[in-house]
Amino acid sequence: MITLLHTQVIAIVIVIVSIANRISSKNPHASKNGRGMLFPRDSESRQTKYLDGMWDFKADKSPYQNEGFENMWYDQPLYKTGDVISMPVPSSFNDITEHRWLRDFVGWVWYDRQFYVPAAWSFMNKDLRVVLRFESVHYYCKVWLNGYEVMSHEGGHLPFERDITHALDYGGPNRLTVAVNNTLSRHTIPPGETKIENDFEVAQEYSFDFFNYAGIHRSVILYTTPAVFLSDITIATDYLFDTGIVKFVTEVGANDDVTKRDITMLYELINKEGRLVATVGGSQLFGGELRVRNPSLWWPVGMGYEPGYLYTLKITTVTKTSSDIYRLPIGIRSVKLLRTRFLINDAPFYFKGFGKHEDSDFRGRGFDYPTLVKDLNLLTWFGANSFRTSHYPYSEETMNLADALGFVVIDESPAVGFSKLDYFNNHTLDRHLDVMSELIQRDKNHPSVVMWSVANEPLSQYEHVAEHLRKVIGWTKEEDYQRRPVTFVTYMNPHEGEKEDMAVKYCDVISFNRYYGWYTYPGRTREISGALEWEMRAWYERHRKPVMITEYGAEALAGLHRDRSVMYTEEYQVEVMKQYFPVFDSLRWEFLIGEMIWSFADFATPQDIKRIAGENRKGVLTRQRQPKASAHALRSRYQSITLNHCHRCTGDELFDYLLRYKLTKRHSHAFEKPSPRLPALIREERVNTTLDR
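Chains are numbered independently. Their residues run from 1 in the order of the written sequence. Per-residue local features of the predicted model are confined to residues with pLDDT of at least 70, and side-chain atom pairs are confined, for both listing and counting, to 80 or more; whole-chain, interface and lining totals are unaffected and use all residues. Water and hydrogen atoms play no part in the side-chain values, which are based on all heavy atoms of the structure.

Asks: Can you tell me about the overall build of the protein chain, naming the residues and giving the values?
Replies: Scanning the protein chain from N- to C-terminus turns up 11 helices and 35 strands. We call two residues in contact when some of their heavy atoms are within 4.5 Å. Sequence separation of 24 or more characterises 72% of the internal contacts of the protein chain that already satisfy a separation of 6 or more. Here the protein chain displays about 28400 Å² of accessible surface, and carbon together with sulfur accounts for 50% of that area. The numbering of helices and of strands both runs from the N terminus, where a helix is a DSSP run of H or I of at least 4 residues and a strand a run of E of at least 2. Note on areas: Shrake-Rupley, 1.4 Å probe, and residue coverage restricted to the protein chains presented here.

Asks: Describe the pairing of strand β5 (residues 108-115), with residues and values.
Replies: Residues in a regular strand project their side chains so that they alternate between the two faces of the sheet. With six of its eight residues buried, β5 lies for the most part within the structure. The pairing criterion for strands is at least two bridges between them, as found by DSSP. Pairing of strand β3 (residues 53-59) with β5 involves four bridges; the strand directions are antiparallel. The residue of β5 that forms the bridge with Lys 58 is Trp 110. In this sheet, strand β11 (residues 174-181) lies alongside β5 in antiparallel orientation, the contact comprising eight bridges. Note that in β11 the partner of Arg 113 across the bridge is Leu 176. In this scheme, a residue with accessible area under 20% of its type's maximum is buried, one over 50% is exposed, and one in between is partly exposed, where area comes from a 1.4 Å probe on protein chains only.

Asks: Which residues make up the side chain of Arg 175, and what values go with them?
Replies: Following the sequence through the fold, Arg 175 ends up in strand β11. In this charge count, Lys and Arg are treated as positive and Asp and Glu as negative; neither His nor the chain ends contribute. Any Lys or Arg side-chain nitrogen found within 4 Å of a carboxyl oxygen on Asp or Glu counts as a salt bridge. Despite its burial, Arg 175 pairs with no opposite charge; the closest candidate is Asp 112, at 4.6 Å N-O. The term polar contact refers here to a pair of N or O atoms within 3.5 Å; inside protein, the definition further demands a hydrogen-donor-capable atom paired with an acceptor-capable atom, and it admits residues adjacent in sequence only when both atoms are side-chain atoms. At 3.0 Å, the side chain of Arg 175 and the backbone oxygen of Tyr 74 are in polar contact.

Asks: Any chance you could break down the pairing of strand β32 (residues 547-551) for me, citing the residues and the numbers?
Replies: Across the five residues of β32, five count as buried, placing the element largely inside the fold. Note: strand β31 (residues 510-513) against β32, four bridges, orientation parallel. The residue of β32 that forms the bridge with Ser 511 is Met 548. For crossovers, right-handed means that the path from the first strand over the helix to the second runs clockwise, given strands pointing away from the viewer. In this view, the connection linking β31 to its parallel neighbour β32 by way of helix α7 (residues 528-543) has right-handed handedness. As paired elements, β32 and strand β33 (residues 592-598) share three bridges and run parallel to each other.

Asks: So what about unusual backbone geometry? Which residues, and what values?
Replies: In this structure, Tyr 139 follows His 138 across a cis peptide bond, with omega equal to 5°. Here Tyr 139 lies in the loop between β7 (137-138) and β8 (140-145). The phi dihedral of Asp 346 falls on the positive side, at around 65°, and the residue is not glycine. Relative to the assigned elements, Asp 346 resides in the loop between β24 (341-344) and β25 (347-348). Backbone geometry places Ala 613, a non-glycine residue, at a positive phi of 60°. Of note, Ala 613 is situated in the loop between β34 (603-604) and β35 (615-616). Under the relative-accessibility criterion, Ala 613 is labelled exposed at 66%.

Asks: Would you mind going over the environment of His 561 in detail, with residue names and values included?
Replies: Inspection of the secondary structure puts His 561 in the loop between β32 and α8 (570-587). Spatially, the C-alpha atoms of His 561 and Glu 571 are 6.5 Å apart, while their sequence positions differ by 10 residues. Excluding residues that lie within four positions of it along the chain, His 561 makes contacts with Thr 569, Glu 570 and Glu 571. A polar contact is formed between the side chain of His 561 and the side chain of Glu 571, at a distance of 2.8 Å.

Asks: Got a sec to walk through the packing of helix α5 (residues 426-443) against helix α6 (residues 463-479)? Specific residues and values, please.
Replies: Note on geometry: axes are C-alpha line fits, over the in-contact stretch for helices, and angles between N-to-C directions span 0 to 180 degrees. Between α5 and α6, the least distance of the axes is 10 Å, while the angle of their chain directions is 25°. Judged by the angle between their axes, α5 and α6 are roughly parallel. Seen along the crossing, α5 lies across α6 with a hand that is right-handed. In this structure, α5 uses Thr 428, Leu 429, His 432, Leu 433, Met 436, Ser 437 and Ile 440 to contact α6, whose residues at the interface are His 468, Lys 471, Val 472, Trp 475, Thr 476 and Glu 479. Residues that form the contact of α5 with α6 fall into these classes: six nonpolar, five polar and two charged. When describing relative orientation, an angle under 35 degrees is termed roughly parallel and one over 145 degrees roughly antiparallel, while 65 to 115 degrees is termed roughly perpendicular and anything else oblique. For any pair of crossing helices, the crossing counts as left-handed if the nearer helix is rotated counterclockwise from the farther one by less than a right angle, and right-handed if it is rotated clockwise. Ten residue types, Ala, Val, Leu, Ile, Met, Phe, Trp, Tyr, Cys and Pro, are classed as nonpolar, four, Asp, Glu, Lys and Arg, as charged, and the remainder, Gly among them, as polar.

As C-alpha cells, then:
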C-alpha cells in the first residue's frame, strides 16, 4: 500500500492495551494494521471535495502500449496528446461507448481532469493537510498531480490515498492524471493470463465467471484534516446483561514537533436521538472503553425492535493550537460461534440471502447510488437478511447502508479464479495477505460485517493450496481485533478420494457452492434433494462445524416458458429451487446456518457459447432488476422464515426460556441472573419437563 503521509509528517501512535491485551503498548509508532483508512466525512474540522464527473479519457493503442509513458502524457493536458473522449467517473470504461475494441481493451488507459482548490485551503495555513483519495481503481494505476507522480496502487476494490498538501497549486488550476491498466497475470488477485492476437492486440483470459470491468470505479475525493488529526480508530463491542461495552484504540498523526503529551483525546457516544450516553477523555488517552447502560443493540433486519441501530462515536483530538473532530457510526453487537450455531448478540442467526455482483447496464462495476439503494430495497422486498460480497469487496457506501438497514455481510476478498496450481506462489501469497490487511483495515468497524471470506472456489484439493489458505486464514484472524469467524468458499468434496477438500478444516464455518440440477444432474431435479442432504451431512459429520450453502440455483431466460419445465425456462429455475428448500428446512435445526442463492440478478460475463448475450442468467432478477418467476418463489420462502431474538440468549434454549420467563410458581427457585447453581437448576428443570411429558 502507498504511504499516507508526506515525508515531513510522521504518525504518532500510542497504543494502550485495551482489547483483550492483543495490542502491545511497547510499539509507539504504528498499530498492527499500519496506517488508518478512515472513510472521508465532513465535520467542523474536515472538508471533502469530490472530483467525480466528466474526465478526459484516452486508450493507449500503440503497438507496445508505451506511447503514453514515452511521450509523457502526464506532463500536459491529455487533449493535447491527440483525440480524447469524455468518460464519467465513477464508471467502468468498457460499456460507455459503442466501440467493441474498447469493451475488450486490455492495457493502459489514461484519464485526466482539472480542478481548483478552495481559497480556505491555502498552503499558508500550517494547520491544514490535504489528502487525495481513490475509493477504487481496477486493476493497477499510477497517479500524477501537476506532472509529478504522487502514488501508485495495485488491486481494485479497495481505497488508497496520499497527502498532497505540498504538491497542490493553491493559486491556479491543478491537473490530475491517472493511468490505469486492467491486465491480470499469474501474480495478481484475481489472476489471469494474456496472449497476443493479430500481431499487437492483447487478449485477456481468466477463469472467473464475470466480466473484468476496469477503470476508476468509485469516487475520487479531496479531503482536509488539521495538522494533528485522528489517523485511525479500531473498535470492538460487546454487552454484558444490561451494559453495552465499546472498546477502542486510536492512532493520531502529527508533525514531528508535536509529542503525545501535547494531545488530549475526548470520546463521546451519542444515540440516535442525539443524546450523550457515555463519554471519556483525557491527556494521552489513546485507548480505553465506553460503557452504556441498557444499550440499543445492533440487530439484523428481521430481529429486534429497531434493526440496524447505530450510535455515533464522536472523537475529538485536541492540542493547544487545533482540534480535529471525526464521527464514526458504530453498532453494539457481538458475533460468535457456539457448536453448530452462529450467534449475533447471543441469539441464533440464520443467513437467508444472496450472492450478487456490483454490476449494471452502462456503468459496469462503477458505483451508482440509485443502483445501490434499489438493490438493498429489493433485499428488503425479498425478506432477505444478508449477502456475500462475491467476489470482491463492495463499495464502502454499500457497507454503510448495510450497517444502517441491518443487513448482515460476509465480506469476501477478490481471490477468485485460482484455477491453476501455478497461481499459488510466494508472490501471490504475499499479495493475498496484503489484500486481507487492506480489507480488514477498511471494514473492521462495520457492525454488518460478521464473517470474512478469504477466497472463492480455490483448488483446495491440493495440500500446498491448503497450506496457502491456512496461512491466509490465520493471518486474517490475527489482523481482526474483533476475531470474527473466517471461511472460504469451496466447491470440492467432503469425502475422501478425488477432489477431497484439504482446507476447510481451517475454517470456522464450512461454506460450499453446489449446483445440483444444473452442472450436476442437469435436467434431473428428482436427484437434487437426496444428493444435497447426503453432502451436507457429510460436511458436518467429517468436520463438526456449522455449514452453509453460499451458491445454488439454475439459469433462466426471462420470458422463456414451457408447460413441462426444461432447462433455461423460468419454470425449471423455480423447480430446481424448490428441491433445495425441504432439505434446508430439515437441516436448519441441526447444523445448517444459512442459504444464499446464486444469484441476486443476471450479470455480465465474457462472451462464451454457454453465456447467452454475454450474461450469466442465474439471477432471480434480470440485470435490469425485474423479477423472474423464481423471485416470487424465493420471496415467499424468505418471508416465511422468521428469526427470534431475546435480550439475553446463552445458546441453551432451556436456559434462555428460564431467563426470559423465569420459573413458574410451582418451582422454588426464582432468579434473574445466572447463579452458581444454574447447571443443577437446568438439569432439574429438564427432568421435570421429561416427567411432565
